[in-house]
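In case you want the letters, here they are:
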Amino acid sequence: MLPLQRRVGYLTTAAVALAVALSSLAGWMTVRESLYASLDSELVDVATSLSVPAAQDITNLGGLTERALRAGNISVAAIQADGKIYYVPDEREHLVLGPDELATARLHFGHAARSGRTTDGTRFRIVTVPIANLPGVALVVGRPLQATDGVLGSLLLVVGIIGLVGIAIAAAAGTAVARSSLRPVRQLSGAVEQIAVTKDLRPVRVSGAADVAALARSFNDMVGSLAASRERQRRLIADAGHELRTPLTSLRTNIDLLLMDARSGMLREGDRLTILTDVQGQLTEFAKLIGDLVQLARDDREATPEPLDFRHVVTSALERARRRGPGLDFDVELDPFYVVGVPDALERAVTNLLDNAVKWSPPGGTVRVQLEGNRLRVADEGPGIAEEDLPRVFDRFFRADTARTTPGTGLGLSIVAQVVRQHGGVIRAGRSAQGGAEFTMVLPGARSLEALPAPSPAPA
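What counts, and where the lines are drawn
- Residues numbered from 1 in each chain as written.
- Predicted model: local features only at pLDDT ≥ 70, side-chain atom pairs only at ≥ 80, totals over all residues.
- Heavy atoms only, no water.
- Phe/Tyr/Trp six-rings, centres within 6.5 Å; stacked < 30°, edge-to-face > 60°.
- Helix = DSSP H or I, 4+ residues; strand = E, 2+ residues; numbered from the N terminus.
- Buried < 20%, exposed > 50% of the residue type's maximum accessible area, 1.4 Å probe, protein only.
- Pairing = 2+ DSSP bridges.
- Axes fitted to C-alpha atoms, helices over the stretch in contact; angles between N-to-C directions.
- Polar contact = N/O pair within 3.5 Å; in protein donor to acceptor, adjacent residues only side chain to side chain.
- Salt bridge = Lys/Arg side-chain N within 4 Å of Asp/Glu carboxyl O.
- Contact = heavy atoms within 4.5 Å.
- Left-handed = near helix turned anticlockwise from the far one by under 90°.
- Nonpolar A, V, L, I, M, F, W, Y, C, P; charged D, E, K, R; others polar.
- Arc of directions from axis to C-beta.
- Core = buried A, V, L, I, M, F, W, Y, C linked by side-chain atoms within 4.5 Å.
- pLDDT = per-residue confidence, 0-100.

**Some details on the packing of aromatic side chains**
The description of an aromatic ring pair rests on the distance of the ring centres and on the angle between the ring planes. A full pass over the atoms with the stated rule returns two aromatic pairs. Ring centres of Phe310 and Phe337 lie 6.2 Å apart, and the angle between their planes is 85°; on these two criteria the pair is classed as edge-to-face. Remark: Phe337 occurs in the loop between strand E7 (329-334) and strand E8 (338-341) and Phe310 occurs in helix H8 (residues 310-324); sequence separation between them is 27 residues. Its relative accessible area of 1% is what places Phe310 among the buried residues. Note on Phe394 and Phe439: the rings are 6.0 Å apart at their centroids and 75° apart in plane angle, and the pair reads as edge-to-face. With Phe394 in the loop between strand E10 (375-379) and helix H10 (412-422) and Phe439 in strand E12 (residues 437-442), this pair connects stretches of sequence that are 45 residues apart.

**Remarks on the sheet that holds strand E2 (residues 85-87)**
Taken together, the five strands give an open sheet; going across it, the order is E2-E1-E5-E4-E3, and neighbouring strands pair in antiparallel fashion. Looking at the sheet topology across the chains shown, the edges are occupied by E2 and strand E3 (112-117). The average angle at which neighbouring strand axes cross in this sheet is 25°, direction not considered.

**Some words on the side chain of His423**
Mapped onto the secondary structure, His423 falls in the loop between H10 and strand E11 (426-431). Take His423: its relative accessible area is 9%, and that puts it in the buried class. A polar atom in the side chain of His423 sits 2.9 Å from the backbone oxygen of Val419.

**Remarks on the pattern of salt bridges**
Here the structure, examined in full by the defined rule, presents 14 salt bridges. Asp149 is paired through a salt bridge with Arg123; the nearest N and O atoms lie 2.9 Å apart. Pair noted here: Asp149 is in helix H4 (residues 146-181) and Arg123 is in strand E4 (residues 123-130), with a separation of 26 residues, a long-range link. Relative accessible area serves as the criterion here: at 29%, Arg123 is assigned to the partly exposed category.

**Section: the sheet that holds strand E9 (residues 366-372)**
Within the open sheet, the five strands sit side by side as E7-E9-E10-E12-E11. Their pairing is mixed. Each having just a single partner strand, E7 and E11 make up the two edges of the open sheet. Sheet twist, expressed as the mean angle between neighbouring strand axes with direction ignored, is 10°. Here five bridges tie E9 to E10, and the two strands are oriented antiparallel to one another. Bridging across to E10, Val369 finds its partner in Val378. On top of the sheet, H8 reaches E7, E9, E10 and E12; it is set at about 175° to E7, its chief contact. Sheet strands touched by helix H9 (residues 343-360): E7, E9, E10, E11 and E12. Its angle to E12, the strand with the most contacts, is close to 170°.

**Things to note about the packing of H9 against H10**
With their axes 9 Å apart at the nearest point, H9 and H10 run at an angle of 145° to one another. Crossing handedness for the pair H9 and H10: left-handed. Together, Ala345, Leu346, Arg348, Ala349, Asn352, Leu353 and Asn356 of H9 and Gly412, Leu413, Ile415, Val416 and Val419 of H10 make up the contact between the two elements. Looking at the contact of H9 with H10 residue by residue, the classes come out as eight nonpolar, three polar and one charged.

**Some thoughts on H10**
With ten of eleven residues buried, H10 lies mostly within the body of the structure. Among the residues of H10, Gly412, Leu413, Ser414, Ile415, Val416, Ala417, Gln418, Val419, Val420 and Gln422 are the ones counted as buried. Directly after H10, the chain includes Gly424, whose backbone phi takes a positive value near 80°.

**Section: helix H3 (residues 99-107)**
Along H3, the residues that are buried comprise Glu101, Leu102, Thr104 and Ala105. All buried residues of H3 lie within an arc of 160° about the axis, which places them on one face of the element. The outward face of H3, more than 90 degrees from its buried face, is lined by the exposed residues Pro99, Arg106 and Leu107. On its buried face, H3 is in contact with strand E1 (75-80), E3, E4 and strand E5 (137-144). Just downstream of H3 lies His108, where phi reads positive at about 55°.

**Some words on the nonpolar core**
Grouped together as the largest cluster of nonpolar side chains are 39 residues, with contacts concentrated most on Phe310, Val350, Leu376, Ile427 and Met441. Contributions of two or more residues to this core are made by H8, H9, E9, E10, H10 and E12. Among the elements that line this core, the one with the most residues is H9, at eight residues. Here Leu376 is in contact with Phe310, Val314, Val350, Val369, Gln370, Leu371, Phe439, Thr440 and Met441, once residues within four sequence places are set aside.

**Some words on unusual backbone geometry**
Despite not being glycine, Leu61 shows a phi value in the positive range, around 55°. Among the secondary structure elements, Leu61 is positioned in the loop between helix H1 (4-56) and helix H2 (66-72). Here Leu61 falls in the buried class, since its relative accessible area comes to 1%. For Asn73, which is not glycine, the phi dihedral falls at a positive 55°. Take Asn73: it is sitting in the loop between H2 and E1. Owing to a relative accessible area of 42%, Asn73 belongs among the partly exposed residues under this scheme.

**A short note on the side chain of Gln80**
Tracing the sequence through the fold places Gln80 in strand E1. With relative accessibility at 17%, the residue Gln80 sits in the buried group. For Gln80, the contacting residues outside a window of four places in its chain are Tyr86, Leu102, Ala105, Gly136 and Val137.

**So, the confidence of the model for the protein**
In the predicted model, the protein carries a mean pLDDT of 83, and 86% of its residues have values of at least 70. When mean pLDDT is taken per element in the protein, E4 scores highest with 95 and helix H7 (residues 269-297) scores lowest with 73.

This is the structure:
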């Protein structure tokens, strides 16, 4: 298959060549018809003037001689309605008459004009007019086309040369235009190849026509998304490696102690039980961390969203939260609200918000859960979130200075933000009226099941 630039050049040349050929042909035919029309008009005038003497002596055509015909550069004949033809007596080469001349004699009206030949094959322009005083008889006058054909031949040669020159210029211009117009496409193609080889996700310079510029902008958007995805992946791997290293190191230390104790019996029973309890807690945290990482890496776009009552999601999450915070009070107020979403993902997000409130609530404190319209608020009476930490509270593995010593993976609120974003909503953090933390989840939905739109895949 030919390269795009060469195909564009060929198509441009072919289009211009066709336009030049058609224009040249139309011009040549117009000139030819104009010359023929002028010649016909002149021959009609000659025939009309000769018809008067010819009518007086049709047999001898009014006394015309071959010398007179040569002087006027014409040939004359007469034809009757019965097909009988009269020529100049001493004329050596005669016009070859046909049905057009016979029809004019029979109709005895108007005139006929055509290109014909003489008996020696010379091309003539032939005009036939009826003789006014002789019904059923027409006078035929012809003139050689040699001069006219010479003019038309010269014109055709000139038009052909100009057309070839025009096609050559069009070919050069088409190649230049194709090279210039496709330069942005080549740059884009080179950038794609460069990215494929070097893996350097660098945007290309936007230039060229509107369509090419739009393609370049779309390509840059894709490159930007890939670069951001790669950066998030790199950061997730780095953060996960850092977070996994601490529990793994602690587990290895405790297991080494238990192995040494198995060989030497150096630990007391209470110390051994403390180490085993510590190992169990570390494994629990380790399992939770892995679960959170899997949740963050999941592509919930493959899950099928469905219409659901959001109150049921919140109620199910509250049951878990009450088991984890048996000494806390839960002030719950839930208005009807329906969403289109993935039940498991939404329940995980609400559970993470409630777990965060349970973890930071003081003994005997109150966790307030309010679903009003499309807003779910979860507030606690804990120490709250510092102002400088609010912008980063939903970042992966972010833990405030006050949270370094508390259990947790630093991924719970990141999962909440991801789920809410996938469902087309927003999540905000702030301070509650009681001084603790307050999280507000806003989701698209409706107050009745009938008002919900048709389910569609959850957005990324």
